[in-house]
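# Remarks on the overall topology
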Number of protein chains: 2
Amino acid sequence: MRFGANYTPSQHWWHVWLDFDTPGVLDGIRRDLDAIAGLGLDHVRVFASWPVFQPNRGVIRPRAVAQLVELVRLAGAAGLDVSVDALQGHLSSFDFYPSWTVTWHHRNLFTDPAVVPAQAVFVRTLAGALRDEPNYLGLNLGNEPNNLVAHNPVTAEEVDAWLDRLLAECVAADPAHPATHCAYDAVWYEEGHPFTPAASATKGAMTCVHPWVFSGDCARRYGPRSVEVTHLAEYVVELARAYATDPARVTWVQEIGAPAPHIPEADAASFAEASLANVLTCAGLWGVTWWCSHDVDRRLVDFPELEYGLGLLRTDNSVKDVGRAVAGTVAAERSAPTAVAERTTALVLPSPERALAAPGGAFFEAWMRRAADGERPAVVLASRAADGATERPGRD
Amino acid sequence: MRFGANYTPSQHWWHVWLDFDTPGVLDGIRRDLDAIAGLGLDHVRVFASWPVFQPNRGVIRPRAVAQLVELVRLAGAAGLDVSVDALQGHLSSFDFYPSWTVTWHHRNLFTDPAVVPAQAVFVRTLAGALRDEPNYLGLNLGNEPNNLVAHNPVTAEEVDAWLDRLLAECVAADPAHPATHCAYDAVWYEEGHPFTPAASATKGAMTCVHPWVFSGDCARRYGPRSVEVTHLAEYVVELARAYATDPARVTWVQEIGAPAPHIPEADAASFAEASLANVLTCAGLWGVTWWCSHDVDRRLVDFPELEYGLGLLRTDNSVKDVGRAVAGTVAAERSAPTAVAERTTALVLPSPERALAAPGGAFFEAWMRRAADGERPAVVLASRAADGATERPGRD
């Protein structure tokens, strides 16, 4: 079981690429990474900045790629493995678009016949540059590209083609590491959203889930200490597993965090402990990567308020209560791993599924009632339950 | 009379800020600047990249500001003075927007109560950092911000307030150098365009004009060797002078160039010689700054085709015919300056003026007929001619 953090550099956030060569910055990164490793975590997830790495469609800056490799090595020196996200794209409410994709040069990021090949060269270049680093874990296409759909309308078929194309580029450049993709929770909860559960659960080497308690207003609806909130990550993992076609499909809880006021600061530590305890009962879990390593410095303005306090660490690298809670869970898990639960019952999710599966939906609430009763149900799609092939009791 | 070039770095174009600290880049800049100085030019105009300098609304990167100062000093070492444009903003068809002004954070660049103060801090910071450099000429707010109007709707009154606010910031930070602003030709030619001739001709320390032969389809309409094309810069300077309220107002031909196919490459040298000979007859001219120093490297894709060949120099710093022509004119002008023409007649420009003054407009063509007859008419607004205050014959 892998435990890590989404890295948010304490001094410059991900604008750090602009100052990677500025004196003192590498030392700051080293201190951050040491502090993350000090929590007992084994990996970080890091994020390239697309406009900085590929400022022109024809140019991927060699210096930027070298700096990314250097960051991976700095993490290695701290004892951390590294997963890399390529196309940002979207981070913490901000969209980073190269100038060649906006205004007079606006072209759809998912379908344009000039943009997609350029993205392909980009992910191929990163995959090729990183593959020989011993502490490199793999490439994720980009953080929640489904946030970009609002400004780049696209169909599910087009998303599928885009994912297939870019994932194939990663695998071609580096068959030895997993290539993955991810999406924010609309993928599971929103009927008609063009990033589909099937795409999440079948494309790429793992299913990546980001079970945020603000999605579908889960924490506001049920309360920060509710069964619904503390079992949310477990639920989303089981929901994602229902859509997998490969029974051995692995799931990565790539983002989970305690955003105030959805989770009040005083509840963050217990939220972390309970959420981790529950999700660790899931079968086929690769690991959990907390969002995020460091609080966002208040001199960086315009972030949504909840983004500022998500760190396990403060910007001075001191450990927060939630950091201690995660570190404690990780230490306990290392010495006595949680047993995978026998999921002896499976709840059937009718079709169309997504609204039913969202917080407030009938299926979500039925599953949570079972959880409140101490059960750990699996999820099975009605389309599969109906053909009798899978009842899935005790499948794990 | 000042002669210069709009600098376009031969190796990285203005993406050079991303690689300013990359080994070898400064040497490339030095070679570029030496080649520009080798043409006999005395200054360059350089361009900051807003998203690189101010990646977050609350952060102006000290390293970026230091690099800008360093660029000014490198130019000084080559014997060149430097004018600096702050808010890019728009360059050669590309718009560079910080992430805090787009998509989920979209806010009007000209009117938003959080964005404008942040721009104010930015221009004030640059003005303050540059003011003690002995070869520094002054700050221009940004290159043709009226290109941003399409995506940031704004009224003329709002533009006026924006210009007043930002120019005042520059002057407060550095009263000793001129603060200016500029606009593309719509300002003179397009009825209702919110950047007005009055704003160009009265705000800031000089009137900056960009008489491009593709504006209003001038070169296509009249032919590349036509009177209309070779007198265009002279015409626009006189047109701008008509809107000035201060008779001592100085005009800067801040951009002029020979874009193919509007000006075929074989005609570029003669276009440059004729255009410069004509515009140098204008009174109150600060100088002429050619667009641009260097061709754009073909590895940089997506530029409009005409942007690739606008340099006086190739990307290997070899001199093009048009570069020799400009250098020759500059050398001749240094030894025997062109006499300012006595403009003994003034053509009255009726109101509303802008469509009439554009290529194809009745006033434009009347002025050009006089020019074809060897006259050098001034321009006077009907609103001023009517009150009898100014007939302006022989005002120069």
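Residues numbered from 1 in each chain as written. Chains lettered and ligands numbered in written order. Predicted model: local features only at pLDDT ≥ 70, side-chain atom pairs only at ≥ 80, totals over all residues. Heavy atoms only, no water.

Moving on to the interface of chain A and chain B. The partner chain B presents 35 residues to the 35 residues of chain A that form the contact. The three residues of chain A that bury the most area against chain B are A:Leu18, A:Trp104 and A:Asp302, which together make up 20% of that side's buried surface. Summed over the shared surface of chain A and chain B, the number is 6 salt bridges. Among the ionic pairs, B:Asp302 bridges to A:Arg107, the shortest N-O distance being 2.8 Å. (Contact = heavy atoms within 4.5 Å. Buried area = accessible area lost by both parts, 1.4 Å probe. Salt bridge = Lys/Arg side-chain N within 4 Å of Asp/Glu carboxyl O.)

Our next topic: the environment of A:Ala161. Residue and element names in this part refer to chain A. Note that Ala 161 resides in helix H5 (residues 156–173). Taking relative accessible area as the criterion, Ala 161 reaches 47% and is therefore assigned partly exposed. Here the alpha-carbon distance between Ala 161 and Thr 230, two residues 69 residues apart in the chain, equals 35 Å. (Helix = DSSP H or I, 4+ residues; strand = E, 2+ residues; numbered from the N terminus. Buried < 20%, exposed > 50% of the residue type's maximum accessible area, 1.4 Å probe, protein only.)

Pairing is possible between side chains that carry opposite charge, provided their charged atoms lie close to one another. Tallying each qualifying case throughout the model produces 50 salt bridges over all chains. Across the pair B:Arg63 and B:Asp21 runs a salt bridge, and its minimum N-O distance is 2.6 Å. Of this pair, B:Arg63 sits in helix H3 (residues 62–77) while B:Asp21 sits in the loop between strand S1 (2–6) and helix H1 (25–38), and the two are 42 residues apart along the sequence. Three or more residues joined by partner-sharing salt bridges are found here, namely A:Glu234, A:Glu238, A:Arg241, A:Arg343 and A:Arg376.

Residue and element names in this part refer to chain A. The buried fraction of strand S1 (residues 2–6) is high, at 4 of 5 residues. Across 5 bridges, S1 lies against strand S10 (residues 285–291) in parallel orientation. Residue pairing for S10: Phe 3 is matched across the bridge by Val 288. Here S1 runs beside strand S2 (residues 43–47); their pairing, made up of 3 bridges, is parallel. By the bridge assignment, Asn 6 is partnered in S2 with Arg 45. At this point the chain moves from S1, through helix H1 (residues 25–38), to the parallel S2, and the crossover so formed is right-handed. (Pairing = 2+ DSSP bridges. Right-handed = clockwise from strand over helix to strand, strands pointing away.)

Residue and element names in this part refer to chain B. With parallel pairing, 8 strands are arranged side by side in an open sheet as S7-S6-S3-S2-S1-S10-S9-S8. A strand with exactly one partner marks an edge of an open sheet, and here the two such strands are strand S7 (179–180) and strand S8 (207–209). Against the sheet, helix H4 (residues 115–130) touches strand S3 (81–85) and strand S6 (136–140), its axis set at about 175° to S6. Along the sheet, helix H11 (residues 268–279) contacts strand S9 (251–256) and strand S10 (285–291); its crossing angle with S10, the most-contacted strand, is approximately 165°. (Axes fitted to C-alpha atoms, helices over the stretch in contact; angles between N-to-C directions.)

What follows covers the nonpolar core. Nonpolar side chains in soluble globular proteins generally cluster together in the buried interior. Counting 268 residues, the largest nonpolar core has A:Leu33 and B:Leu33 as the members making the most contacts within it. Leave out the neighbours within four places in its chain, and A:Leu33 touches A:Tyr7, A:Val44, A:Leu71, A:Leu74, A:Ala75, A:Ala78 and A:Leu80. (Core = buried A, V, L, I, M, F, W, Y, C linked by side-chain atoms within 4.5 Å.)

This part is about the side chain of A:Asn278. Residue and element names in this part refer to chain A. Locating Asn 278 in the fold gives a position in helix H11 (residues 268–279). You can call Asn 278 buried: its relative accessible area is 9%. Among the polar contacts made by the side chain of Asn 278, one reaches the main-chain carbonyl oxygen of Thr 230 at a distance of 3.0 Å. What Asn 278 contacts, discounting residues up to four positions off in sequence, is Thr 230, His 231, Glu 234 and Arg 376. (Polar contact = N/O pair within 3.5 Å; in protein donor to acceptor, adjacent residues only side chain to side chain.)

So, on to the sheet that holds strand S8 (residues 207–209) of chain A. Residues and elements named next belong to chain A. Strand order in the open sheet made by the 8 strands is S7-S6-S3-S2-S1-S10-S9-S8, with parallel pairing throughout. Of all the strands in the sheet, just strand S7 (179–180) and S8 have a single pairing partner and so form its edges. Direction of pairing for strand S6 (residues 136–140) relative to S7: parallel, over a ladder of 2 bridges. Its bridge partner lying in S7, Leu 139 is registered against Ala 179.

Another point: the packing of aromatic side chains. All chains considered together, the criterion is met by 48 aromatic pairs over all chains. Plain terms: the ring middles of A:Phe53 and A:Phe122 are 6.1 Å apart, the flat faces sit at 70° to each other, and that makes the pair edge-to-face. Taken together, the residues span a long stretch of sequence, with A:Phe53 in helix H2 (residues 50–53) and A:Phe122 in helix H4 (residues 115–130) at a distance of 69 residues. Both residues of the pair, A:Phe53 and A:Phe122, count as buried. Relative to B:Phe363, the ring of B:Tyr235 has its centre 6.5 Å away and its plane inclined at 40°; by these criteria the two rings are tilted. (Phe/Tyr/Trp six-rings, centres within 6.5 Å; stacked < 30°, edge-to-face > 60°.)

Below, the discussion takes up the environment of A:Tyr235. Turning to its location among the elements, A:Tyr235 is positioned in helix H10 (residues 232–243). The contacts of A:Tyr235, once residues within four sequence positions are left out, are A:Ala357, A:Phe363, A:Phe364, A:Trp367 and A:Met368.

On to the relation of the copies chain A and chain B. You can overlay chain A on chain B at an RMSD of 0.0 Å; the transform is a turn of 180° with a shift of 0.0 Å along its axis. Given the turn and translation reported, the copies of this chain are related as if by a two-fold rotation axis. When the interface residues of chain A are mapped onto chain B, 100% of them again lie at the interface, so the same face is used by both copies. (Least-squares fit on C-alpha atoms with pLDDT ≥ 70 in both.)

Okay, the confidence of the model for chain A next. Residue and element names in this part refer to chain A. Mean pLDDT over chain A: 96, with 97% of residues reaching 70 or higher. Low confidence marks residues 389–396, where pLDDT is under 50. Its contacts with residues over four positions away, or in another chain, come to 23 contacts. Interface confidence for the predicted complex, given as ipTM, is 0.95, next to a pTM of 0.96. (pLDDT = per-residue confidence, 0-100.)

Right, let's talk about unusual backbone geometry for a bit. All names here are of chain A. That bond from Gln 88 to Gly 89 is cis: its omega, 25°, falls within 30 degrees of zero. Tracing the sequence through the fold places Gly 89 in the loop between strand S3 (81–85) and strand S4 (90–91). At Asp 302, a residue that is not glycine, the phi angle is positive and equals roughly 80°. If you trace the backbone, Asp 302 turns up in the loop between S10 and helix H12 (321–335).

What follows concerns the pairing of S10(A). Residue and element names in this part refer to chain A. Judged by how many residues are buried, S10 sits mostly within the fold: 7 of 7 residues are covered. In the sheet, strand S9 (residues 251–256) pairs with S10 via 4 bridges, with the strands oriented parallel. If you follow Ile 256 over to S10, its bridge partner there is Trp 290. Taken together, S9, H11 and S10 constitute a β-α-β crossover, and its handedness is right-handed.

This part takes up the packing of helix H10 (residues 232–243) of chain B against helix H14 (residues 362–372) of chain B. Residues and elements named next belong to chain B. Here H10 crosses H14 at 120°, and the two axes come no closer than 11 Å. Helix-helix and strand crossings are classified by hand; for H10 and H14 the assignment is right-handed. Listed contacts from H14 to Leu 232, Glu 234, Tyr 235 and Glu 238 of H10 are Phe 363, Phe 364, Trp 367 and Met 368. (Left-handed = near helix turned anticlockwise from the far one by under 90°.)

The next subject is helix H12 (residues 321–335) of chain B. The terminal C-alpha atoms of H12(B), which comprises 15 residues, lie 21 Å apart, in line with the 21 Å expected from a rise of 1.5 Å per residue. Here H12(B) has its buried residues at B:Val322, B:Gly323, B:Ala325, B:Val326, B:Ala327, B:Thr329, B:Val330 and B:Glu333. (Expected span 1.5 Å × (residues − 1).)

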